[in-house]
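Summary of the model geometry
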Amino acid sequence: MKELTTDIAAKIIDGKKVSLFIQDELKKQVEEIKSNGGKVPHLCAILVGNDGGSETYVAAKIKACENIGYKSSMYRFDDKVTEADLIKKVDEINNDSDIDGLIVQLPLPKHIDVDKVTNYIKPEKDVDGFHPVNLGKLLLGLPTYVSATPFGIMQLLRFYNIETAGKHCVVLGRSNIVGTPLSILMSRNRDPGNATVTLCHSKTKKLKEITLQADIIIAALGIPEFLKGDMVKEGAVIIDVGTTRVPATDTKSGWRLKGDVDFDAVAPKASFITPVPGGVGPMTIAGLLANTMKSAKKEIYK
Ligand code: GUN
């Protein structure tokens, strides 16, 4: 799995392959747990409303659980559900000793306070790593559940042996679940890590001057094809977190996923690049499953 590149032609990072490798490792751990009569990890998902993306993502998470031998459960609510009813369900799951991990799929309908609901999940079961306690631990470098996308990116850098120490990493986007935790993970004294990080956002001036200095660019803004060829230096590592659905006439669904990187223009200059789909996306499932295993084994909270 550890591959090195010697030429400048972009190497496509295969997130699907790495994700399946990690899932296979987790499957072996489940088999070992079962043969020792231990407790099989159990992931529970709450899905609210009929958002197409959320339906697909939750179905993929449940299917991955089945594939590797985890228990899974799902609770569905229609989009008129009250905050109180949702919190009641979270409370019930918090107190169900069989369930190791709980995710409330986002986005939630506008009338529901997302922070209130996610903050209600016990940190011990917050395998999304969204709870302030878990994000606080990440900030301090303590063991915690790293949320799925940052986890996935760090694993891709590790699997492809991409040097990060002393490199200039430019993160585009400062969201709580991607850009901000990534800026912390890339700068801390670990491997991967030890990068000099610049976190850019909507108020950043002279962005192109900054991206042109980057050895590693992580694009997580949610703006399709934002990063153009003339914004990237030769040999840069490009990680594309974007997954915007754009209308398409040549697909059955009527849409296709677009990343934040203009792939055709950037790939010829990059040393490594993640495609969309098939790059960071599949890794998020591996992250969630890895956190659920950590919870079942009580590795973070004893
Ligand atoms: N919506 C988009 N990504 C995620 C995720 O990683 N977790 C949850 N709970 N909702 C999401």
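Residues numbered from 1 in each chain as written. Predicted model: local features only at pLDDT ≥ 70, side-chain atom pairs only at ≥ 80, totals over all residues. Heavy atoms only, no water.

**Focus: the packing of helix H1 (residues 15-35) against helix H2 (residues 52-68)**
The contact between H1 and H2 brings their axes to 9 Å, and the two run at 50°. Taken together, the axis directions place H1 and H2 in an arrangement best described as oblique. Judged by residue contacts, Gln23, Leu26, Lys27 and Val30 of H1 engage Ala64, Asn67 and Ile68 from H2. Class assignment for the residues of the contact of H1 with H2 results in four nonpolar, two polar and one charged. (Axes fitted to C-alpha atoms, helices over the stretch in contact; angles between N-to-C directions. Helix = DSSP H or I, 4+ residues; strand = E, 2+ residues; numbered from the N terminus. Parallel < 35°, antiparallel > 145°, perpendicular 65-115°, else oblique. Contact = heavy atoms within 4.5 Å. Nonpolar A, V, L, I, M, F, W, Y, C, P; charged D, E, K, R; others polar.)

**Comments concerning the site of the ligand**
Taken together, Lys61, Val104, Gln105, Leu106, Asp128 and Phe130 make up the full set of residues adjacent to the ligand. Contact distances for the ligand include 3.2 Å between a nitrogen atom and a side-chain N or O atom of Gln105. Leu106 is positioned with one of its backbone polar atoms (N or O) 2.9 Å from a nitrogen atom of the ligand. In isolation the ligand exposes 280 Å². Once the protein is present, 77% of that is buried. The residue inventory of the shell around the ligand, partitioned by class, reads three nonpolar, one polar and two charged. (Near = heavy atom within 4 Å. Polar contact = N/O pair within 3.5 Å; in protein donor to acceptor, adjacent residues only side chain to side chain. Areas by Shrake-Rupley, 256 points an atom, 1.4 Å probe, with all protein chains shown as cover.)

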